[in-house]
Amino acid sequence: MWPAAILMLSACTPEVVRITPSPSDESAPASPAASVQPFPSGPDLPLVTPIPGVLGSNSGAQVDAIGLAVRRGPGTSFPLVAGYRVDPATSQEVLITEGVRLDAGYYVYIYQGPLVIDGTYWYLVSPERQPGESIEHFWRWDADGDGSNVDHGWVAGRTPDDTYLIPAELPPCTDPGCGTAVPPYAQLYTTGSARTPMFTLGLGVSVLWYAADPAGQGCDMKITVRPNGIVLDSARVAPYGHGDRIWPFDLEENVEGEYWLDIESDCTWSLIAQPIIG
């Protein structure tokens, strides 16, 4: 049995308004995984396969452009992120530029994406230590205006006419805390409602998603575990887009089995379901 208490969502932010599940969602029985079988007639939502050759979450990439803007959100209306470096004499963050732009050959790690808006593929990326770069020269991005920490930023990966990001193997990480990425259970991007491929669930799952309304009016996201019908997240997304990471507790019993995620939405979105480690 999957008790509702094990599904703990991350804290609500001003940009996302939680929607309380309907009584029918809360009262849906959760069958033990060992006895759960897929719907005989198949899921109602379409199974969307990512386009071959398109970059996706949890992958390395390299900039193939000069002056690629790093923005606070997925779209050209968002301002550029600020760039900081650490002053080795004081160990303090020093503002280097109000607007980060990346040169050709710069390595980035893709955390989320793509979100397809007006034909442009947007990716949430992080700065990476470049080959031969000392820690004093490592960029830190400020995407939320707090002037500290290492944030992510959004870049345009490709348009109908040009490509700005290409697949690349990131340079080996030698910093403390580096580890090997665990393959995800499922990852998907599309516009509208869809379902992930079926996956075998292990100890637990975290879900990272980001969504935006291509029309700029606001949209909805609802993520449900199938076939037992547990709602992981249900949110109203602000017009300029927002996302969330869901961290349920490890599932204690009857967790192993075949599952998929239904995503009911009128947004353009990207989602990755990952094993919980530790």
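Residues numbered from 1 in each chain as written. Predicted model: local features only at pLDDT ≥ 70, side-chain atom pairs only at ≥ 80, totals over all residues. Heavy atoms only, no water.

On to the confidence of the model for the protein chain, then. The pLDDT averaged across the protein chain works out to 74; a share of 72% of its residues lies at or above 70. When pLDDT is averaged over each helix and strand of the protein chain, the minimum, 30, is found for strand 1 (residues 16-18) and the maximum, 95, for strand 3 (residues 68-69). In the model, residues 1-42 has pLDDT below 50 throughout and makes 74 contacts with residues more than four positions away in sequence or in other chains. (pLDDT = per-residue confidence, 0-100. Helix = DSSP H or I, 4+ residues; strand = E, 2+ residues; numbered from the N terminus. Contact = heavy atoms within 4.5 Å.)

Glancing now at the packing of aromatic side chains. Enumeration over the complete set of coordinates arrives at 3 aromatic pairs. Relative to tyrosine 111, the ring of tyrosine 109 has its centre 4.8 Å away and its plane inclined at 75°; by these criteria the two rings are edge-to-face. Residue classification places tyrosine 111 among the partly exposed positions, given a relative accessible area of 30%. Consider the rings of tyrosine 185 and phenylalanine 199, whose centres lie 5.3 Å apart with planes at 15°: the pair is stacked. One end of the pair, tyrosine 185, is in the loop between strand 11 (165-167) and strand 12 (186-191); the other, phenylalanine 199, is in strand 14 (residues 199-201), and 14 residues separate them in sequence. (Phe/Tyr/Trp six-rings, centres within 6.5 Å; stacked < 30°, edge-to-face > 60°. Buried < 20%, exposed > 50% of the residue type's maximum accessible area, 1.4 Å probe, protein only.)

Moving on, we get to the sheet that holds strand 18 (residues 242-246). Ordered by their spatial adjacency, 4 strands build an open sheet running 12-20-15-18, and the pairing between neighbours is antiparallel. Because the sheet does not close on itself, it has two edges, and the strands there are strand 12 and strand 18. Neighbour-to-neighbour, the strand axes of this sheet turn through a mean angle of 5°, independent of strand direction. One ladder, built from 5 bridges, connects strand 15 (residues 205-212) with strand 18; its direction is antiparallel. Residue pairing in the sheet places alanine 211 in a bridge with histidine 242 of strand 18. (Pairing = 2+ DSSP bridges. Axes fitted to C-alpha atoms, helices over the stretch in contact; angles between N-to-C directions.)

This next bit is on the sheet that holds strand 5 (residues 92-97). Where strands meet in a sheet, backbone hydrogen bonds hold them as pairs that are either parallel or antiparallel. Sheet architecture is open: 3 strands sit in the order 5-4-9, paired in antiparallel fashion. Only two strands of the sheet have a single partner each, and these edge strands are strand 5 and strand 9 (140-142). If you compare each strand with its neighbour and ignore which way they point, the axes differ by 45° on average. Where strand 4 (residues 82-87) lies against strand 9, 3 bridges are found, and the strand directions are antiparallel. Each bridged residue has a counterpart across the sheet, and for glycine 83 the counterpart in strand 9 is tryptophan 141.

In this section: the pattern of salt bridges. Enumeration according to the criterion identifies 2 salt bridges in this entry. The partner of aspartate 220 in a salt bridge is arginine 236, and the shortest N-O contact between them spans 2.9 Å. Of this pair, aspartate 220 sits in strand 16 (residues 219-226) while arginine 236 sits in strand 17 (residues 230-237), placing them 16 residues apart in sequence. In this structure aspartate 220 comes out as partly exposed when scored by relative accessible area, which is 29%. (Salt bridge = Lys/Arg side-chain N within 4 Å of Asp/Glu carboxyl O.)

On to the pairing of strand 8 (residues 120-127). In terms of burial, strand 8 is a largely internal element, 8 of the 8 residues being buried. Bridge count between strand 7 (residues 107-117) and strand 8: 7 bridges; the pairing is antiparallel. Bridged to isoleucine 117 within strand 8 is threonine 120. Hairpin connection from strand 7 to strand 8: 2 residues lie between these consecutive antiparallel strands, with aspartate 118 at a positive phi of about 55°. Two strands pair when backbone bridges link them, and strand 8 and strand 10 (residues 153-158) are joined in this way by 5 bridges, in the antiparallel orientation. Note that in strand 10 the partner of tyrosine 123 across the bridge is valine 155.

Val207, Trp209, Met221, Ile223, Leu261, Trp269 and Leu271 are the most contacted members of the largest nonpolar core, which has 26 residues in total. For this core, the secondary structure elements donating two or more residues are strand 12, strand 14, strand 15, strand 16, strand 17, strand 19 (257-265) and strand 20 (268-275). By size, the runner-up hydrophobic cluster in this structure holds 22 residues, among which are Val108, Ile110, Val125 and Trp139. (Core = buried A, V, L, I, M, F, W, Y, C linked by side-chain atoms within 4.5 Å.)

In this section: the environment of glutamate 128. Locating glutamate 128 in the fold gives a position in the loop between strand 8 and strand 9. On the basis of relative accessibility, which here comes to 21%, the residue glutamate 128 falls in the partly exposed class. In this structure, the C-alpha to C-alpha distance between glutamate 128 and valine 108, residues 20 residues apart in sequence, is 5.6 Å.

In this section: unusual backbone geometry. Glycine aside, negative phi is the norm for most residues, and most peptide bonds take the trans geometry. Following glycine 113, the chain continues to proline 114 via a peptide bond in cis, the omega torsion being 5°. Tracing the backbone shows proline 114 in strand 7. For the bond from arginine 226 to proline 227, the omega torsion is 15°, close enough to zero to count as cis. Residue placement: proline 227 occurs in the loop between strand 16 and strand 17. The phi torsion at aspartate 118 lies on the positive side, around 55°, for a residue other than glycine. Summarising the element assignment, aspartate 118 is placed in the loop between strand 7 and strand 8.

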